[in-house]
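Notes for the structure review
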Number of protein chains: 2
Amino acid sequence: MIVSVIGLGLIGGSIALDLKQRGFADKVIGVDNNPMHAHQAKKLGIADEIQDLRTAVESSHLVILAIPVSACLKSLPQIMDMVDQQIVTDLGSTKEQLIESIANHPKRKQYVPAHPMAGTEFSGPQAAHSGLFDGKCSIICNPEDSDKDAVNVISDMFHTLQMRCVYMDAEVHDRQTAYVSHLSHISAFALSLTVLQKEKKDKHIFELASGGFDSTVRLAKSSAEMWTPIFHQNKKNIGKVLQKYIDTLQQFKDRIENDDHEGVDDLINDANDIRRVLDEKERTEAETIKNAKRIRRA
Amino acid sequence: MIVSVIGLGLIGGSIALDLKQRGFADKVIGVDNNPMHAHQAKKLGIADEIQDLRTAVESSHLVILAIPVSACLKSLPQIMDMVDQQIVTDLGSTKEQLIESIANHPKRKQYVPAHPMAGTEFSGPQAAHSGLFDGKCSIICNPEDSDKDAVNVISDMFHTLQMRCVYMDAEVHDRQTAYVSHLSHISAFALSLTVLQKEKKDKHIFELASGGFDSTVRLAKSSAEMWTPIFHQNKKNIGKVLQKYIDTLQQFKDRIENDDHEGVDDLINDANDIRRVLDEKERTEAETIKNAKRIRRA
């Protein structure tokens, strides 16, 4: 199969590498507005060829959009106008608006909205690497609105990436990612800003930071180019989730200030239940890799 | 040198292992209120002997307190009453109240308040491991109030652990750790609580969580036994820091809800400056290990 990847950064580059190495794609055509990224991607073996968007779409069987969600919103309708029999998917973090944008397109059934739940805080072709998706979960939204064959191709693609597929409504997807992905990023950005602000007066404050700080703030390295459009497209859900997070922080603050030790103990003991979730996740990831290998062999 | 370690959990156990392995301690005497922990510590080679507090203090040259800060506040004055020539240190996360509690003790100069900036989200003797402190920073507070020889022993101890020492006023220490350590923990606890609350209605919400979520929430596994007393003892600083964090989150929320894309870009671009800090930290940690080895050889 010939696969075009639009956007050769962390996500697009990583998917291109594994689809080629694992035999899903016979050829990867790369498309990138940034000539430097296109050049790097060719050099790093991410793409076999670099082409312009129209030529790439016309000469491939599968088109994968891996660009910021704002750019997706502009490009997806244009790409749908170009396709004949091609299947189109995107990997963006928000789904409702994008699906709405081509709801009445005559080729709608050839489009499969997806979101692989994997990434790092780095960006660009040099951040791309094999194995980024191994063991993780990929969401396919509103599968009933796509051709069954198209959905099968995309789920095969995710199994090649050693992922498990979860099918859900776009509205549920956008609400849930606000909790487990978008909120984590805002909490890290805000933590970074709070301590950087303090650094202006206390120059050596970061001397004291240890591994725990690094861990909670790591995502604050993520780029505005990618995240501002996500926050914008998902503002309805993010507003609600941020309010709940702020309320919980306020609860901590009140109980600490009122010497309510038992109340603080209760909050921490409840929060500790995350151990169950993280242990379960670890087991699921190992299981997913095993199952994905089995499915591919079958 | 004979070293007594009071509290054989993650911190006490890890320090005992490396002080013995690296030749700083000829013998480690362990003390723990929890007989199970004492038994495990003996079995894991953390302590050569288990003794009661008074016998341990009386038969050692150096006494290290590695217990929750609330327990420290009770035990330190009792231990200072027991010592003859012994040097005493503690490794707690808050310093002002503890120092205040023995400010007028006749043996005050034999006490060196310290805080090694290292840890994990796990606890108990089984979480203890060699190398926990390598490359990190250790704070020694108000060194002018301790005997010079006592300070030298403690800084030698930290160099054995391959740490660098930073000297500062206890008041500055408590303010700065509120930013770079205590806030990270509360942000993780609150994040955990926010998503766990949502899980009650959306059972499969954690299916979507990926590495970024794990990273920001990891510290929420930490125990109430350790953290409630820290938040209590440092409530003045934590209250202020939490308010700044909440204000920054509110700023994000307002800008996202008002479609102020440029304003959100500005916040994220400013937060990205954390890259400089984290890169610098990585360099410093490598340098610290090199220097600590050089100092020990000299």
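Note that the structure is predicted; figures quoted are calculated from it, not measured. (Residues numbered from 1 in each chain as written. Chains lettered and ligands numbered in written order. Predicted model: local features only at pLDDT ≥ 70, side-chain atom pairs only at ≥ 80, totals over all residues. Heavy atoms only, no water.)

**Some words on the sheet that holds strand β7 (residues 137-141) of chain B**
All names here are of chain B. Reading across the sheet, the eight strands line up as β3-β2-β1-β4-β5-β6-β7-β8 and stay open at both edges, with mixed pairing between neighbours. Taken across any chain shown, the strands that pair with only one partner, and hence form the sheet edges, are β3 (49-50) and β8 (164-168). Strand direction decides the pairing type here: β7 and β8, joined by five bridges, are parallel. Among the inter-strand pairings, Cys-141 is bridged to a residue of β8, identified as Met-168. Helix α4 (residues 69-82) contacts β4 (62-65), β5 (87-90) and β6 (111-116) of the sheet and is inclined by roughly 165° relative to β4. (Pairing = 2+ DSSP bridges. Helix = DSSP H or I, 4+ residues; strand = E, 2+ residues; numbered from the N terminus. Contact = heavy atoms within 4.5 Å. Axes fitted to C-alpha atoms, helices over the stretch in contact; angles between N-to-C directions.)

**Here's the deal with a positive patch on the surface**
Taken together, the side chains of Lys-290, Lys-293, Arg-294 and Arg-297 of chain A define a basic patch exposed on the protein surface. What makes Arg-294 of chain A partly exposed here is its relative accessible area of 49%. (Patch = residues over 30% accessible without salt bridge, like charges linked within 9 Å, V, L, I, M, F, W, Y side chains within 5 Å. Areas by Shrake-Rupley, 256 points an atom, 1.4 Å probe, with all protein chains shown as cover. Salt bridge = Lys/Arg side-chain N within 4 Å of Asp/Glu carboxyl O. Lys, Arg positive; Asp, Glu negative; His and termini not counted. Charge placed at Lys NZ, Arg CZ, Asp CG, Glu CD. Buried < 20%, exposed > 50% of the residue type's maximum accessible area, 1.4 Å probe, protein only.)

**Remarks on the nonpolar core**
Buried together is how nonpolar side chains tend to be arranged in soluble globular proteins. Phe-231 and Phe-252 of chain A together with Phe-231 and Phe-252 of chain B are the most contacted members of the largest nonpolar core, which totals 132 residues. For Phe-231 of chain B, the residues in contact, after removing those within four places along its chain, are Phe-252, Ile-256, Val-264 and Ile-268 of chain A together with His-182, His-185, Ile-186, Phe-189 and Ile-238 of chain B. Within the second largest apolar cluster, 37 residues are counted, among which are Ala-16, Leu-19, Ala-114 and Ala-150 of chain B. (Core = buried A, V, L, I, M, F, W, Y, C linked by side-chain atoms within 4.5 Å.)

**Examining the interface of chain B and chain A**
In this assembly, 89 residues from chain B lie in contact with 89 residues from chain A. Between chain B and chain A, the buried area comes to about 8,200 Å², and carbon and sulfur atoms account for 67% of it. The largest share of the area that chain B buries against chain A comes from Val-180, Leu-208 and Lys-221 of chain B, three residues that together contribute 9% of it. Along the contact surface separating chain B from chain A lie ten salt bridges. For the salt bridge of Arg-276 of chain A with Glu-199 of chain B, the shortest nitrogen-to-oxygen distance reads 2.8 Å. Summed over the shared surface of chain B and chain A, the result is 42 residue pairs in polar contact (both at pLDDT 80 or more). Taken together, the elements giving at least two residues each to the side of chain B that touches chain A come down to β7, β8, α7 (170-199), α8 (211-217), α9 (224-233), α10 (235-257), α11 (261-271) and α12 (274-297) of chain B. When residues of the side of chain B that touches chain A are assigned to their parent elements, the largest contribution, 21 residues, is made by α7 of chain B. Here the residues of the side of chain B that touches chain A are counted per class, giving 43 nonpolar, 24 polar and 22 charged. (Buried area = accessible area lost by both parts, 1.4 Å probe. Polar contact = N/O pair within 3.5 Å; in protein donor to acceptor, adjacent residues only side chain to side chain. Nonpolar A, V, L, I, M, F, W, Y, C, P; charged D, E, K, R; others polar.)

**Details of the relation of the copies chain B and chain A**
Note that the two copies of the chain are related through a rotation about an axis and a translation along the same axis. You can overlay chain B on chain A at an RMSD of 0.0 Å; the transform is a turn of 180° with a shift of 0.0 Å along its axis. Considering both components of the superposition, the chain copies are consistent with a two-fold axis. Taking C-alpha positions as reference, the residue of chain B nearest the rotation axis is Thr-216 of chain B, located at 2.1 Å. Both copies present the same face, since 100% of the interface residues in chain B are matched by interface residues at the equivalent positions in chain A. (Least-squares fit on C-alpha atoms with pLDDT ≥ 70 in both.)

**Here we look at the UniProt feature "coiled-coil region" (unreviewed entry) in chain A**
The positions UniProt marks with the feature "coiled-coil region" (unreviewed entry) are residues 242-284 of chain A. The distance from the first to the last C-alpha atom of residues 242-284 of chain A is 28 Å, and the span holds 88% helix and 0% strand. (UniProt positions renumbered as here; feature names shortened; annotations may be inferred.)

**Here we look at a negative patch on the surface**
Together, Asp-260, Glu-262, Asp-266 and Asp-270 of chain B give the surface a local cluster of negative charge. Counting through the fold element by element, Asp-266 of chain B comes out in helix α11.

**Considering the pairing of strand β2 (residues 27-31) of chain A**
Residue and element names in this part refer to chain A. In terms of residue burial, β2 counts as a mostly covered element, since four of its five residues are buried. The pairing of strand β1 (residues 2-6) with β2 spans five bridges and is parallel. Each residue of the ladder has a partner; that of Ile-2, found in β2, is Lys-27. Chirality of the crossover, the property in question, places the unit of β1, helix α1 (residues 10-21) and β2 among those that are right-handed. As paired elements, β2 and strand β3 (residues 49-50) share two bridges and run parallel to each other. Residue Gly-30 lies in a different strand from β3, and its bridge partner there is Ile-50. As for the winding sense of the linkage, the β-α-β connection from β2 through helix α2 (residues 35-43) to β3 is right-handed. (Right-handed = clockwise from strand over helix to strand, strands pointing away.)

**Here we look at the UniProt feature "domain: Prephenate/arogenate dehydrogenase" (unreviewed entry) in chain A**
Mapped onto the present numbering, the UniProt feature "domain: Prephenate/arogenate dehydrogenase" (unreviewed entry) falls on residues 1-286 of chain A. Along residues 1-286 of chain A the backbone is 54% helical and 13% strand, and the end-to-end C-alpha distance reaches 28 Å.

**Some remarks on α12 of chain B**
Taking 1.5 Å per residue, 24 residues should reach 34 Å; α12 of chain B reaches 35 Å between its end C-alpha atoms and fits that length. In this structure, the buried side of α12 of chain B is in contact with α7 (170-199) and α8 (211-217) of chain A together with α6 (148-160), β8 and α11 of chain B. (Expected span 1.5 Å × (residues − 1).)

**Comments concerning the pattern of salt bridges**
Counting across every chain of the model gives 38 salt bridges over all chains. Between Lys-95 of chain A and Asp-90 of chain A there is a salt bridge, and its shortest N-O distance comes to 2.9 Å. The class of Lys-95 of chain A is buried, set by a relative accessible area of 0%. For Lys-281 of chain A, the salt bridge is made with Asp-214 of chain B, and the minimal N-O distance between the two is 2.7 Å. In this pair, Lys-281 of chain A is assigned in helix α12 (residues 274-297) and Asp-214 of chain B in helix α8, connecting two distinct chains. The exposure class assigned to Asp-214 of chain B is partly exposed, which follows from its relative accessible area of 23%. Each of Lys-136, Lys-281 and Glu-285 of chain A together with Asp-214 of chain B takes part in one network of salt bridges that share partners.

**Some remarks on the environment of Gln-21 of chain A**
Residue and element names in this part refer to chain A. Position of Gln-21 among the secondary structure elements: in helix α1. On the basis of relative accessible area, Gln-21 is assigned to the exposed category, the value being 57%. Separated by 109 residues in sequence, Gln-21 and Ser-130 place their C-alpha atoms 8.7 Å apart.

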